[in-house]
Amino acid sequence: MTNEPFIPPPSDLELDAKRARVLLLGLFAFLAVFGLVATGFNPERLLRGLGAIILSPDILINDYMSITGVGPAYFNAALCVLAALILINASRINVSGPVIAAVFTIAGFALFGKNIANIWPGFLGAFLYSRASRRPFGENIIVALFGTALAPLSSEIAFGLGIATPWNIAIAFVAGAVVGFLLSPVARHALDFHRGYNLYNIGFTAGLIGTVAMSGFKALDIQLTGGFNWAEIPAMSMLPYLSALFLSLIIAGMIMDRGWVAAYRRLLSSPGRLVSDFVRYYGLGVSLINMGIMGFIASAIMLLIGASWNGPMLGGLFTIVGFAAFGKHPRNTLPPMLGAMAMAMMSRYGLAAPGSQLAILFVSTVAPVAGEYGPVAGFVAGMLHFVLVQVVGTLHGGLNLYNNGFAGGLAAGLILPVLEWLREWRRHEI
Amino acid sequence: MKSDATQLMRVAEEVLKYFYLKGSRSVKVSYDFGEERSFCAVSAKDIFLPVADEEYLRRVFDGPVQPEVANYYGTLVGRRRDSLEMELVGAMAELEDLRNEEGSGVAIILSRREIDYRTAQKAR
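Residue numbers restart at each chain and count upward from 1, following the sequence in its written direction. Here the convention is simple: chains get letters from A, ligands get numbers from 1, in the order in which they are written. Per-residue local features are limited, in this predicted model, to residues with pLDDT of at least 70; the limit for side-chain atom pairs, both in listing and counting, is 80 or more; totals at the level of whole chains, interfaces and linings are taken over all residues. Hydrogen atoms and water are omitted, and side-chain values are computed over all heavy atoms in the structure.

Right, let's get into helix α2 (residues 51–60) of chain B. Since there are 3.6 residues in each turn of an α-helix, residues three or four apart along the chain are aligned in direction. For every residue, the accessible area (1.4 Å probe, protein chains only) is compared with the maximum for its type, and the residue is labelled buried under 20%, exposed over 50%, or partly exposed between those bounds. Note on conventions: DSSP H or I runs of at least 4 residues are helices, E runs of at least 2 residues are strands, and numbering of each starts at the N terminus. For α2 of chain B, the set of buried residues is Asp53, Glu54, Leu57, Arg58 and Val60 of chain B. Viewed along the axis of α2 of chain B, the buried residues span an arc of 160°, placing them on a single side of the element. Opposite the buried face of α2 of chain B, at more than 90 degrees from it, the exposed residues are Val51, Ala52 and Arg59 of chain B. In this structure, the buried residues of α2 of chain B make contact with α13 (278–282) of chain A together with α1 (3–21), α4 (86–90), β3 (94–101) and β4 (105–113) of chain B. Throughout, the arc means that of the directions going from the helix axis to the C-beta atoms. Residues count as neighbours in contact if any of their non-hydrogen atoms are within 4.5 Å of one another.

This is how it looks when you write it as C-alpha cells:
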C-alpha cells in the first residue's frame, strides 16, 4: 500500500531536449559542410545552383541533384534545416521525437522539392492559423514543419504557369499560405481515419488538399509544367559520409545512455503508433542508437535494390532516420518494406523503377501496423501501400511531396478496421 | 468550448479506460475548470493497483506537458477501442496526486494549465 505524496523525479526530457537541439545543429553542419565541399568552396557555383533550385517547378519528382549537382542540393537542405531550427527556437518547445522527425524530413525533402524560398508560405499559413485560433505558434509547430509538403504548389504557381512578375510571387505566396492554414485543422481530422497507424499523417492530409488543388487546376484547364528529374549517383559517393553520420549517432547514443541495451529492448517492443515519442519514453541516447541502426538498415536496403543515391532516395533515407526517434524501429519497419519489395517483384512495376524504390523506403510510414498487429499484417500493409502509391500521385498531380504518406494513410485506414475486427473476434469480444 | 478544457476531458476519458481495463466497474470522474488551471479527478474504489501499475502511472506523467504534441495529436486520445494512449496522455496533463490504497481504491488528480497566451489576451 502506498499513500505518499508524489515527488516528481527530475525530468530527463528537458535535458534531452537541449541535447537534441545540438544534434539538429550537427545535422545542419553536416549538410552545410557536405554542400560546401561538394561545390569546391565555390560561392558563385553555390549561389547559381541555389538560384536554379529556387526557380525550378518542384512537382514530383524533381531531384535537385540532377539539376545543380550534389553541392547546392545539400546546401539547400542545410538552409532549410536552419530555417526550421530558427522557428523551433522561437517557439520555445522541447525538442523531442516529433520535432527530430520533422527536421530530418525537411532535410531529406530539401533534396527534391523543398527549397529555402518555397517553404515560407506554408510556415506563414500555419502561423496565421495559430493567430486566428488565439494559440501560441509553438503549439502548431509540428504541423508547420511537416506542412511544407505542399511547397511545390508555390513553386509551380510562381515559376511554372507563366504568370507575370510580381503577380506570380504574390499569388504563389498567398496560395501557399492558404494551404498551410488549411493543413492545420485538416491534419487533426485526418488522424481519425488511420488512428495513428500512418506515421506521415501530414502526407495524407496534404494529399487530400493537393487533390483539391489539382482538381481546381484541371477545372480551369491549367496545365502543370513539372517534369521528371532523377539523377544517377553511385553509392560510394555518399555511403562513406552517411555511414560516418550513422555511426556517430550510435556512438553518441551509447555514451549518453550506459544502460542502452535494456532500453533498446524496450524500444523495440513499442508498436510505434502515433504518438511514439522515443525521446520522451526511452531517452535521447537510445533514440540516437535507433536512428543510426535504422540508417544502416535503410542503406543496406538501398544497396540491395540497386538504388541510385540521389536526392529522392536520400530524402527517404533521412526521413527514416528522423522517424527512428518517432515510431520506427527495425521490428516494425522491415515487414512492410519486405511486403513492398515482394509486391514490386510480383507487379509490372519491378524493383528497378524509381517509384518502386521510393515506395520501398517510404512504405515504413505504415510501420505501426506491423508493430501493433504483427509482421504478417505489416507485410500485407506494405503490399497494399505499394500498389496504392503507384496511382495516388495522379490525384494531386505531384503537388504533394509526401505522396507515400498519402498512400500510407489510405492503406492504414483501409486495413485497420479489418485488423481491429479480427483481433476482437479472436478475443471473443464480438 | 476552450480547447484546454476539451483536452482535459479526453485525458480523463483515457484514465477512465485504463481503470476499466484494470478491472474497475465503478469509476467516478469529476472536473474543476478554473481560469488559470483546470483539474480532473478519476477515482475507482473497487480496484487496487499493483506496484508495477502505480509506477507505470507515475512514469507516464514524468516529464513536462508538451503543448505541441497535445494540440496536434491530442485527438487520438480516447478513440481506440483495443488499446490505450496513456503515454500521449502524459504529454497532455500534469499529475497532481495519485493515491492507491487497499480498501479505499485508487484516485488520480490531473491538471492542465490554461495557456499563457490566452490568459494574457483575457487580461487586456
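Okay, the interface of chain B and chain A next. Each partner contributes to the interface: chain B provides 39 residues, whereas chain A provides 45 residues. Here chain B and chain A share an interface that buries about 3,800 Å² over both sides, 48% of which is from carbon and sulfur atoms. Just to be clear on terms, a salt bridge is a Lys or Arg side-chain nitrogen sitting within 4 Å of an Asp or Glu carboxyl oxygen. A salt bridge links Arg135 of chain A to Asp4 of chain B, with the shortest nitrogen-to-oxygen separation between them at 3.2 Å. N or O atoms closer than or at 3.5 Å make up a polar contact, with two conditions inside protein: a donor-capable atom paired with an acceptor-capable one, and, for residues adjacent in sequence, both atoms drawn from side chains. Our count for the chain B to chain A interface comes out at 10 residue pairs in polar contact (both at pLDDT 80 or more). Elements represented by at least two residues in the side of chain B that touches chain A include exactly α1, α2, α3 (67–73), α4, β3 and α5 (116–123) of chain B. Taken together, the residues of the side of chain B that touches chain A sort by class into 14 nonpolar, nine polar and 16 charged. Each of two parts loses accessible area, computed with a 1.4 Å probe, when they are put together; buried area is these two losses added. In this count, Pro and Cys sit with the nonpolar residues alongside Ala, Val, Leu, Ile, Met, Phe, Trp and Tyr, while Asp, Glu, Lys and Arg are called charged and the others, Gly among them, polar.

Stacked, tilted and edge-to-face are the three classes applied to pairs of Phe, Tyr and Trp rings, where Trp contributes its six-membered ring and a pair requires centres within 6.5 Å; stacked means planes under 30 degrees apart, edge-to-face means over 60, and tilted covers the rest. As enumerated under the stated definition, the model contains 27 aromatic pairs over all chains in all. An angle of 40° between the planes, with centres 5.6 Å apart, marks the rings of Phe109 of chain A and Phe362 of chain A as tilted. Within this pair, whereas Phe109 of chain A is found in helix α5 (residues 97–109), its partner Phe362 of chain A is found in helix α17 (residues 354–362), the two being separated by 253 residues in sequence. Taken as a pair, Phe109 of chain A and Phe362 of chain A share a single burial class, namely buried. Relative accessible area serves as the criterion here: at 4%, Phe362 of chain A is assigned to the buried category. The residue whose ring lies beneath Arg25 of chain B is Tyr20 of chain B, and the NZ or CZ to ring-centre distance is 3.8 Å. Both a distance and an angle decide whether a charge sits over a ring: NZ of Lys or CZ of Arg must be within 6 Å of the ring centre and within 35 degrees of the ring normal.

In a beta sheet, neighbouring strands pair by backbone hydrogen bonds and run either parallel or antiparallel. Residues and elements named next belong to chain B. The four strands lie next to each other as β1-β2-β4-β3, forming an open sheet whose pairing is antiparallel. Two strands lie at the open edges of the sheet, namely β1 (27–33) and β3, each paired on one side alone. Averaged over all neighbouring strand pairs, the angle between strand axes comes to 10°, with direction disregarded. Paired strands are those between which DSSP finds at least two bridges. Here seven bridges tie β3 to β4, and the two strands are oriented antiparallel to one another. From the neighbouring strand, Leu98 faces β4, where its bridge partner is Ile108. A fitted line through C-alpha atoms represents every axis, and for helices the fit uses only the stretch in contact; the resulting angles, taken between N-to-C directions, go from 0 to 180 degrees.

Moving on to the pairing of β1 of chain B. Strand direction decides the pairing type here: β1 of chain B and strand β2 (residues 37–44) of chain B, joined by seven bridges, are antiparallel. Directly across from Val29 of chain B, in β2 of chain B, lies its bridge partner Val42 of chain B.

Before going further, it helps to examine the side chain of Thr319 of chain A. Residue and element names in this part refer to chain A. Note on placement: Thr319 falls in helix α15 (residues 311–323). Judged by relative accessible area, Thr319 falls into the buried class, the value being 1%. Among the polar contacts listed, one links the side chain of Thr319 to the backbone oxygen of Gly315, at a separation of 2.6 Å.

The next subject is the nonpolar core. For our purposes a nonpolar core is just a set of buried Ala, Val, Leu, Ile, Met, Phe, Trp, Tyr and Cys residues, chained together by side-chain atoms within 4.5 Å. Residues Tyr74 of chain A together with Tyr73 of chain B are the most contacted members of the largest nonpolar core, which totals 168 residues. Domain borders in the structure are assigned automatically or taken from a domain database. Each of domain 1 (10–219) and domain 2 (235–429) of chain A accounts for three or more of the residues forming this core. Here Tyr73 of chain B is in contact with Ile142, Leu191, Leu274, Val275 and Phe326 of chain A together with Leu88 of chain B, once residues within four sequence places are set aside. By size, the runner-up hydrophobic cluster in this structure holds seven residues, among which are Ala263, Leu267, Phe278 and Val286 of chain A.

Right, let's get into the pairing of β2 of chain B. All names here are of chain B. Side chains Ser38, Cys40, Val42 and Ala44 of β2 all project onto a buried face; the interleaved residues Arg37, Phe39, Ala41 and Ser43 project onto a face where none is buried. Adjacent in sequence and paired antiparallel, β1 and β2 are bridged by three residues. The pairing of β2 with β4 spans eight bridges and is classified as antiparallel. Pairing of Ala41 across the sheet is with Ile109, part of β4.

The next thing to look at is the layout of surface pockets. The calculated volume of the largest pocket comes to roughly 1,000 Å³. Around the largest pocket sit 38 residues that line it, and Arg280, Tyr281 and Tyr282 of chain A together with Arg59 and Glu87 of chain B are the ones nearest its centre. At the level of secondary structure, the elements contributing two or more residues to the lining of the largest pocket comprise α1 (12–38), α13 and α14 (284–304) of chain A together with α2 and α4 of chain B. The element contributing the most residues to the lining of the largest pocket is α1 of chain A, with five residues. The two domains that each donate at least three residues to the lining of the largest pocket are domain 1 (10–219) and domain 2 (235–429) of chain A. Computed over the protein atoms alone on a 1 Å grid, cavities are sets of points where a 1.4 Å probe fits but cannot get out and pockets are open sets with protein on both sides within 12 Å along at least five of seven lines; a residue lines them when it has an atom within 4 Å of a point. Grid points are joined across faces, edges and corners, and a volume is the space filled by probe spheres set on the points.

Once that is clear, we can look at unusual backbone geometry. The phi angle of most residues is negative, glycine excepted, and most peptide bonds adopt the trans form. Residues and elements named next belong to chain A. At the junction of Thr165 and Pro166, the peptide bond is cis and its omega measures out at 5° in the coordinates. Structurally, the position occupied by Pro166 is in the loop between α8 (151–159) and α9 (167–194). One non-glycine residue, Arg195, lies in positive phi territory at about 50°. You can see Arg195 is positioned in the loop between α9 and α10 (201–219). Given the relative accessible area of 24%, Arg195 is considered partly exposed.

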